[in-house]
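Next come the chains, spelled out residue by residue.
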Amino acid sequence: MNDTIIGIHHLNVTHAGTPILKDVNLEIPRNRVTVILGPSGCGKTTLLKCLNRLIDIYNGLDVSGQIYLDGEEILNRRNDLTRIRQKMGLLSQRPYPLPMSIFDNVAYGLKIQGLRNRDELADRVEFYLRQVNLWEEVKDRLKSPATRLSIGQQQRLCLARGLAVEPEIILADEPTSALDPLSSTCIEEQFMKLKRDYTILIVTHIMRQARRLADHVIFIYLGEVIEQGTPTQIFDHPQHPTTKQYLRVGH
Amino acid sequence: MRRKNIEERIFKSLAAAATYLIIAVLLFLIVVILKNGLRALDWGMLTKVPQGGFYFGEEGGILNAIVGSFYLALGATFLAFIIGLPVALYMNIHLLRQRFWLNRIRFLLDVLWGVPSIVYGAFGFTLMLLLGLRASLLAGILTVTLLIVPIMIRSMDEVLQTIPRGLLESAYALGSTRSEVAIKVYIRQALPGVITALLLSFGRGIGDAAAVLFTAGYTDYIPTSLNQPTATLPLAIFFQLSSPIPAVRERAYASAVVLTVIILIVSLAARLLSAKYREHVIK
C-alpha cells in the first residue's frame, strides 16, 4: 500500500462490557477514497467517531489502542482536540446545519481558527460554496437561515462548512442515505473532485456507490475487520465467506 | 367489532367532556372576574396610587401594586436568568456524560419546583432576618428569585435536552470548544425555549402572593429604592377582598382583571417571540 495517513493499531471499543470494535488494525491511504462496508450496527460509525474523537461526548464507552494521524496519537488526551478535529471534515447521515445563516455556517469554522477580516471571510465562504456547487443557488440569500435550504442543499452546505476549515481528511457517514438521487449524485461528484486533494473515508450501504468511488475497500462485520483490499479484490474476488454473503445479499 | 366501536365512542366522549369542562371552567373564571371587576376598573384605577380613604371606597388606584409587581417580577426574572442559564448549560454540556449526577440534580430541581410558595415565603422571611433586611422590594425579589429559579432551570434544561445529538457532533467536529458550542449553538438553538422559560418564570413571579406576603411588605407608594417595601397585585387583591365594604371588594376584582390581562399578554408575547426565533432551529 502507498503512503499511509491514518494508522489504527489494536483499537478496541466496548460499551458496558459489550465489544463494539474488536482489535481493529487498519492503514488508511493518503489522498485516496476508502470505503467502509458492513451491515448496520457493525461498528462503522463508531470507527469514524474514534477518528475525530466524537466518542468523547458519549457515555460509557471504553476505548483502547492507538490511532496515528501523520504520526500523532489522536487518542492521547493531552492533544489539542480542536486541532485534531479540524484536520477532519465530518459529513453525517443527515445534514445538521448550525442554527445560523448560510454564510455563518461556512464562516463558523474559519472564525474558530481566528479569521476575523470580513472581506477575507466573504472570499473564503464564496470559494467553498462554489467548490460544492452551491454558490449560484444561495448567493442572493446568504443571510437567510440554513434551515430554509432543501436537504440536498443542506448536505452540500455541510460539506462546504467542513472543507472551510481545510481538513486533510473527510469523514462521511452514509452521506447520501437521506438524499434524493440528484443530490446524491451531486455529492458523489464532489467526492470524485475532492479526492485529488483530500483523503476521503466513506461509510456506505450502497454497493454501486462504493464501487464507483472506492480506491480501497474495508469490510467490517460485528466489530471486526474481515477483509480489505482494492475494489476489484473485494467486489470481484472476495476471499472470506462472510464478505461473499454480504455482497450477494447487498447487491 | 361492535364492541370495539362502542368502547371507542365511550372513550372519545369522556376525553371530549373533560376537555370542554376545562375550557368551560376557564371561561367561567374569566367571566366572573370580569363581571365583578369591570365596573370598578377605570382609568384612575390604573394611573393613581391610593389616596386618602381609598380603602373605604374613595379616590385612588392600584398603580403602586402594578408598578411594584413589575419591579418585583422583572428583578426576580433577571436574577433567576443570570443564575439559571449557566446551570442549565453546565448540566447539558459538562455533565452530559454524568447521568448519575444529572438525574439527581433534575430530581432536586423538580422537588424545588413543587415546593409551595408559602414555604419560600417563610424561608425568605428567615433569610431576611438573617441578612438584617426589612420587608422590602429587595427581600421580595430575592424570595421570588428562589421560587422561580427551579422553574427557569428546568424549562431551559428541557429545551436543551431536545437538541439533536447530530447537531452537537457537527459543531464539535468543526473544532468548537465546549464554550463555543454553548454560546454559538446551544443558546441559538434553545432561544425560543429560553424565551418561554423567561416568560413562564415572569408569570409565576408576578402572580405569587405567598412568597411576598412576609418579605415585600405593602405600601401605598411606588418604591423608589430596593430598601423600601412595595405593594404587589396579588396582595392588593388579598387585602381588598377581605374588606367589608362592597366598593373595595369590587376593586379587588378589578385588580384581578389587571393581573389576568398581564399574564395573558405575557403568554401571548411568549408565543409570538418564540415563533419568531424558531426559524433557525434545527429539528
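Residues numbered from 1 in each chain as written. Chains lettered and ligands numbered in written order. Predicted model: local features only at pLDDT ≥ 70, side-chain atom pairs only at ≥ 80, totals over all residues.

Engineer: In this structure, what is going on with the overall build of chain B? I would like to understand it.
Structural biologist: The secondary structure content of chain B amounts to eleven helices and zero strands. Ordered by position from the N terminus, the helices and strands of chain B form the series α-α-α-α-α-α-α-α-α-α-α. Along the three orthogonal principal directions, the C-alpha set of chain B runs to about 70 × 65 × 35 Å. Counting all 283 residues of chain B, 41% fall into the buried class. Within chain B, residue pairs in contact and separated by at least 24 positions form 76% of the contacts whose partners lie at least 6 positions apart. (Helix = DSSP H or I, 4+ residues; strand = E, 2+ residues; numbered from the N terminus. Buried ≥ 20, exposed ≤ 12 C-beta atoms within 10 Å, placed from the backbone. Contact = placed C-beta atoms within 7 Å.)

Engineer: When you look at the sheet that holds strand S10 (residues 224-229) of chain A in this model, what are you seeing that I'm missing?
Structural biologist: Each strand in a sheet pairs with another by means of backbone hydrogen bonds, the pair being arranged parallel or else antiparallel. Residue and element names in this part refer to chain A. Pairing is mixed in the open sheet, where six strands are placed in the order S6-S7-S8-S3-S9-S10. Each end of this open sheet is capped by a strand with a single partner; those strands are strand S6 (88-91) and S10. This sheet shows a mean twist of 15° between the axes of neighbouring strands, independent of strand direction. Across the sheet, helix H6 (residues 151-164) lies against S6 and strand S7 (169-173), angled at about 170° from S6, the strand it touches most. (Pairing = 2+ DSSP bridges. Axes fitted to C-alpha atoms, helices over the stretch in contact; angles between N-to-C directions.)

Engineer: It is not clear to me how the interface of chain A and chain B should be interpreted in this structure. Could you clarify?
Structural biologist: It is common to report an interface's size as the accessible area lost on association of the parts. Counting from both sides, the interface comprises 23 residues of chain A and, opposite them, 24 residues of chain B. Looking at the side of chain A that touches chain B, the elements that each hand over two or more residues are helix H2 (81-86), helix H3 (102-112) and H6 of chain A.

Engineer: What is the right way to look at the domain arrangement of chain A in this model?
Structural biologist: All names here are of chain A. Here chain A is partitioned into domain 1 (4-87 + 168-250) and domain 2 (98-166). Placing the centre of domain 1 and that of domain 2 at their C-alpha centroids yields a distance of 26 Å. Taken together, the contact pairs eleven residues of domain 1 with ten residues of domain 2. Top contributing element to the side of domain 1 that touches domain 2 by residue count: helix H7 (residues 181-194), with five residues. Taken together, the residues that form the side of domain 1 that touches domain 2 break down as seven nonpolar, three polar and one charged. (Domains from an automatic or database assignment. Nonpolar A, V, L, I, M, F, W, Y, C, P; charged D, E, K, R; others polar.)

Engineer: When you look at the environment of Leu233 of chain B in this model, what are you seeing that I'm missing?
Structural biologist: All names here are of chain B. Tracing the chain through its elements places Leu233 in helix H10 (residues 233-241). Taking C-alpha positions, Leu233 is 14 Å from Val144, a pair spaced 89 residues apart along the chain. The contact partners of Leu233, leaving out residues within four places of it in the chain, are Ala65, Ile66, Ser69, Ser255, Val258 and Leu259.

Engineer: I tried to follow the environment of Arg165 of chain B on my own but got confused; where do I start?
Structural biologist: Residue and element names in this part refer to chain B. Mapped onto the secondary structure, Arg165 falls in helix H7 (residues 165-173). C-beta crowding within 10 Å serves as the criterion here: with 13 such atoms nearby, Arg165 is assigned to the partly exposed category. A sequence separation of 19 residues divides Arg165 from Leu146, and the C-alpha atoms of the two residues are 32 Å apart.

Engineer: Can you help me understand the confidence of the model for chain B in this one?
Structural biologist: When pLDDT is low, close inspection of the predicted coordinates is not appropriate. All names here are of chain B. Residues with a pLDDT of 70 or more make up 100% of chain B, whose mean pLDDT is 89. Across chain B, the secondary-structure element scoring lowest on mean pLDDT is helix H2 (residues 43-47), at 85, and the one scoring highest is helix H4 (residues 99-114), at 94. Scored as a whole, the predicted complex attains pTM 0.78, and scored at its interfaces, ipTM 0.86. (pLDDT = per-residue confidence, 0-100.)

Engineer: It is not clear to me how the sheet that holds strand S5 (residues 72-73) of chain A should be interpreted in this structure. Could you clarify?
Structural biologist: All names here are of chain A. As summarised here, the arrangement of the four strands in space is S2-S1-S4-S5, forming an open sheet in which the pairing is antiparallel. Of all strands in the sheet, those bounded by a partner on one side alone are strand S2 (18-29) and S5. Alignment of strand S1 (residues 4-15) against strand S4 (residues 61-69), held across eight bridges, turns out to be antiparallel. Considered in S4, the bridge of His15 is made with Leu61.

Engineer: Looking at this model, I keep getting lost on the domain arrangement of chain B. Mind explaining?
Structural biologist: All names here are of chain B. Along its sequence, chain B is carved into domain 1 (2-37) and domain 2 (46-280). Computed from C-alpha coordinates alone, the two centres of domain 1 and domain 2 are separated by 31 Å. Across the contact, five residues belong to domain 1 and six residues belong to domain 2. The class makeup of the residues in the side of domain 1 that touches domain 2 is three nonpolar, two polar and no charged.

Engineer: When you look at helix H4 (residues 118-131) of chain A in this model, what are you seeing that I'm missing?
Structural biologist: Working note: α-helix, 3.6 residues per turn, so residues spaced by three or four point in the same direction. All names here are of chain A. The terminal C-alpha atoms of H4, which comprises 14 residues, lie 20 Å apart, in line with the 20 Å expected from a rise of 1.5 Å per residue. Listing the buried residues of H4 in full gives Val125, Tyr128 and Leu129. On an axial view of H4, the arc spanned by its buried residues comes to 100°, and they lie on one face. Counted as exposed and oriented over 90 degrees from the buried face of H4: Asp119, Glu120 and Asp123. Packing partners of the buried residues in H4 comprise H3, helix H5 (135-138) and H6. (Expected span 1.5 Å × (residues − 1). Arc of directions from axis to C-beta.)

Engineer: What's the story with the nonpolar core in this structure? I'm lost.
Structural biologist: In terms of nonpolar packing, the biggest core is built from 143 residues, with Ala160 and Leu201 of chain A together with Met156 of chain B touching the most fellow members. Counting residues per element, this core draws most heavily on helix H6 (residues 137-161) of chain B, at 16 residues. Met156 of chain B has contacts with Gly84, Leu85, Ala88, Ala190, Gly193, Val194 and Ala197 of chain B, leaving out every residue within four places of it along the chain. (Core = buried A, V, L, I, M, F, W, Y, C linked by C-beta atoms within 7 Å.)

Engineer: Honestly, the environment of Glu227 of chain A in this entry has me stumped. Any pointers?
Structural biologist: Residues and elements named next belong to chain A. If you trace the backbone, Glu227 turns up in strand S10. A count of 19 C-beta atoms within 10 Å places Glu227 in the partly exposed class. Taking C-alpha positions, Glu227 is 29 Å from Pro181, a pair spaced 46 residues apart along the chain. For Glu227, the residues in contact, after removing those within four places along its chain, are Phe219, Ile234, Pro238, Gln239, His240 and Thr243.

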